[in-house]
Amino acid sequence: MSNKSAPAAASIDARGWGWRHVGRLSWAVSELDLSVNPGERVLLLGASGSGKSTLLQAVAGVLGGDDDGESRGQILVAGQSPEAARGRVGLLLQDPDCQVTLARVGDDVAFGCENLGVPRDEIWRRVTDSLHAVGLDLPLDYPTSALSGGQKQRLALAGVLAMRPGIILLDEPTANLDPDGVLEVRDAVERVVALTGATLVVVEHRVAVWKNLVDRVVVLEAGAGVRADGEPDTVLKQNGAALAASGVWVPGLLSARSTRAPLASPRSILHTEDLGIARVSSTVLQAGINLDVQSGRALAVCGPNGAGKSTLALTIAGLLPHAQGRVVADGLAAGLVDEPIKWKSRELLTRIGTVFQDPEHQFLAGTVRAELSVGPKVLRLAQNEIDERVDEVASRLRISHLMAANPFTLSGGEKRRLSVATVLVTRPPLLVLDEPTFGQDSRTWEELVAFLAELLDEGSAVVAATHDREFVDALADEEYVMTAPRASEPRAVEA
Amino acid sequence: MTLFAPPVGSRSVNKINPVSKLIVSAVISLAVLLSLDWVSATVALALECVLIVWVRLSPRQLVLSTSPVWIAAILSGFTILLYGRPSGQVYFHFFVAQVTDGSIELAIATVLRGLAIGLPAVVLFVTIDPTDFADGLAQVMKLPARFVLGALAGFRLVFLLLEDWRSLERARRARGVADTGRLRRFAGQALALLVISIRRGTKLATAMEARGFGGKGPRTWARPSRMRIGDAVVIAYGVLIAASAVTVAVLSGHWSFIGG
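Keep in mind that this is a model prediction, so the values were computed, not measured. (Residues numbered from 1 in each chain as written. Chains lettered and ligands numbered in written order. Predicted model: local features only at pLDDT ≥ 70, side-chain atom pairs only at ≥ 80, totals over all residues.)

With that settled, the discussion passes to the overall build of chain B. Each helix and strand counted, chain B has 9 helices and 2 strands in total. Reading chain B from its N end, one meets helices and strands in the order α-α-α-α-β-β-α-α-α-α-α. The C-alpha atoms of chain B give 24 Å as radius of gyration, which overshoots the globular expectation for 260 residues (18 Å, by more than 25%). With the C-alpha coordinates aligned to their principal axes, the bounding extent of chain B is approximately 65 × 60 × 35 Å. By the burial criterion, 35% of the 260 residues in chain B qualify as buried. In chain B, once contacts between residues fewer than 6 apart in sequence are set aside, the share between residues at least 24 apart is 75%. (Helix = DSSP H or I, 4+ residues; strand = E, 2+ residues; numbered from the N terminus. Rg over C-alpha atoms; globule rule 2.2 N^0.38 Å. Buried ≥ 20, exposed ≤ 12 C-beta atoms within 10 Å, placed from the backbone. Contact = placed C-beta atoms within 7 Å.)

The structure is reproduced here in structure tokens:
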């Protein structure tokens, strides 16, 4: 792309700006005064709920009108209202799957240009240039469904770039990606920003990834506007501890590995014999897997996206039928046949607990208390026993104050803690976790690691499918590394 | 699912605008639906063989994609055979079911009509790429872009929902509630899926809006969707099928208008 065609970088000016979503009592953002000069690169930090995403959406002009909420003060993009400046602002969101609009790579990049009324010849020139700039050198008719998470984010970035924006906004663009994907996207952003000189605003919890790419850090506080603003190192030094406490991943401030008091004599509770795993029964993803799961020990299942980590975890957990070999849970069966997939649903409860990658998938009830009572009720425990267990688990995972809330309305960290609590309440000796730290802030992360360490010391066994290196280092006693079945075949992020 | 797989069928079929394919199958359906006789359907079927050969699906694709049509046509024919308006000689009688000269003729006509409508529709539609279809609907048929592209993008989410559904099912097994109450669980799961899909849809809408979708200015189209000579030929052939079917049926005295 030639620099001649790049539009001038644009400024952002918020004066006394605030926004309240319709039906909410509190303001998502209020009394915000912030000026970003053209070409500046800003990392926007703050605890969840401090209004970072709301601010980005307002700048992008997609926050909606009076039906969607109430605004105060004003916000200007290049001196205009954000709605009038639409097309000058590009926004990249967190979830790779929800940003792909069309079925073919080229068409998807062209989509934004079409909406802006760019002439056809010019559109295709921009499409080719943009795909090249983000390093996605694929045929234009390549199916978007075959892209990995990192590739999808770069595709969305190419779509933003093709619109020739003066401002590029990134809302946690790498939160859902594996480590390779994070690097891919970060590097692509760096190239694009260097190429266009556009103003950049990034919202991210993981400071280390973006710190060297930005020249300014702004910290927002819920209801209080800007709390800190300035040169990255200075801001992080002065506010590091407070930021870390609010869930931001500040480099060098993560608590060291948890202290464990391993069991003196772990015993094997489950093992696999030449296990072959498959999502769909016809395609074997991996074969010849021999694992031993022991009480009081954590086994981490690692490997790139598409290698079958989640599939293996769910197969061990008795939730997916295996394709070959056997899963033998002789230390858990207690009178049942020793293959978990043959157990009844209620028989799993007291034997193997599974925490899903997306907590929402496992919520069943209208309140946190009812949610926690589901398992014990299935086990037909007496009501006082149920209450006792629920209260104990809730206080242990710091969700006691949320008992009456609807699980779907909780924050990301609260949802994660609740999903772990629902499993623990029936006291299974084996815990299977599928990407437990995915998209979590540093505070939830630390709590989760500390809590799992406690459980392990008490004698529970843990199997975790994860691509989180720090999690593995902090917790795992053993690591099983899987490789992608066929590297030539790009795959979507596993569900 | 072949929705986002490369389109099947011969090269010349894929060059035809999806809108033309829609018109052809609509014209044929209309003509065949108007009469209850077997002659019009037979004429249409015979002429449709040209279309089916031209589309050039592999035998496997042909069998797989048209099997629902065959099954539906034969089942409805069988029903008519037993319960259709009786006339002429009775061959078989059991309660209200009876097979007569009249019901045999009606049954044959029903099967043929089902095939005459279903086969070309299916064979033409499996060659349609959804993106091209949306382009055609918006540019040729002038349907509102907002509606057409919104539907196209939303359609893609269906595949994510399939995976969500399986995950919800596994989660219910893990939570201990998968042994009993299948119906109630299904309802709960459907509700959860609805919540998830609305979330997804909202995010997708935000992403599309951020790319200027639904803005006030004029929109351009990266992929032109035009009607070419080939489209005229295909539509003309569709009209020929319809006209021949009606003409032959009327001239041979078999025409039996549904209203009559």
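Moving on from the coordinates now.
Right, let's get into helix H4 (residues 59-83) of chain B. All names here are of chain B. An ideal rise of 1.5 Å per residue puts 36 Å on 25 residues; H4 measures up with 34 Å between its terminal C-alpha atoms. Its maximal kink placed at Thr66, H4 deviates by approximately 50 degrees, while the proline Pro68 follows within four residues. Along H4, the positions that sit buried rather than exposed are Thr66, Ala73, Gly77 and Leu81. On its buried face, H4 sits against strand E2 (97-100) and helix H5 (101-125). (Expected span 1.5 Å × (residues − 1). Bend = angle between axes of the 7 residues up to and from the residue.)

Moving on to the domain arrangement of chain B. Looking at chain B, the domain boundaries give domain 1 (11-132 + 227-251) and domain 2 (144-210). Distance from the C-alpha centre of domain 1 of chain B to the C-alpha centre of domain 2 of chain B: 35 Å. (Domains from an automatic or database assignment.)

For the rest of this paragraph, the subject is the sheet that holds strand E13 (residues 298-302) of chain A. Residues and elements named next belong to chain A. An order of E15-E16-E17-E13-E18 is seen for the 5 strands of this open sheet, with the pairing classed as parallel. Both edges of this open sheet fall to strand E15 (352-355) and strand E18 (478-481), since each of them pairs with a single strand only. Here the average twist between neighbouring strands, direction ignored, is 15 degrees. In the sheet, E15 pairs with strand E16 (residues 430-434) via 4 bridges, with the strands oriented parallel. Bridge assignment links Ile352 to a residue of E16, and that residue is Leu430. Sheet strands touched by helix H12 (residues 412-424): E15 and E16. Its angle to E15, the strand with the most contacts, is close to 170 degrees. (Pairing = 2+ DSSP bridges. Axes fitted to C-alpha atoms, helices over the stretch in contact; angles between N-to-C directions.)

This part is about the interface of chain A and chain B. Interface size is commonly expressed as the accessible area that is lost once the parts come together. Between chain A and chain B, the residue contacts involve 51 residues of the former and 40 residues of the latter. Counting only elements with at least two residues in the side of chain A that touches chain B, the list comes to helix H2 (105-115), helix H3 (120-133), helix H9 (345-349) and helix H10 (368-378) of chain A. Tallying contributions element by element places H2 of chain A first for the side of chain A that touches chain B, with 6 residues. Grouping the amino acids of the side of chain A that touches chain B by side-chain chemistry returns 28 nonpolar, 13 polar and 10 charged. (Nonpolar A, V, L, I, M, F, W, Y, C, P; charged D, E, K, R; others polar.)

Time to look at the confidence of the model for chain B. Residues and elements named next belong to chain B. Per-chain confidence: chain B averages 90 in pLDDT, with 97% of residues scoring 70 or above. When mean pLDDT is compared element by element in chain B, helix H9 (residues 229-251) scores highest at 96, while strand E1 (residues 90-94) scores lowest at 86. Note on the complex model: pTM 0.84, ipTM 0.83. (pLDDT = per-residue confidence, 0-100.)

Okay, the pairing of strand E8 (residues 216-221) of chain A next. Residues and elements named next belong to chain A. Here 4 bridges tie strand E3 (residues 41-45) to E8, and the two strands are oriented parallel to one another. Of the residues in E8, the one forming a bridge with Leu44 is Val218. With 5 bridges connecting them, E8 and strand E9 (residues 225-230) associate as antiparallel partners. Pairing of Leu220 across the sheet is with Val226, part of E9. Counted along the chain from E8 to the antiparallel partner E9, the turn is 3 residues long, and its residue Gly223 has a positive phi close to 70 degrees.

We now examine the domain arrangement of chain A. Residues and elements named next belong to chain A. The domain architecture assigned to chain A consists of domain 1 (3-245) and domain 2 (268-481). Relative to domain 2, the C-alpha centre of domain 1 lies at a distance of 35 Å. Contacts between domain 1 and domain 2 engage 12 residues on the former and 10 residues on the latter. For the side of domain 1 that touches domain 2, the secondary structure elements donating two or more residues are helix H5 (179-196) and helix H7 (232-245). Here the residues of the side of domain 1 that touches domain 2 are counted per class, giving 4 nonpolar, 6 polar and 2 charged.

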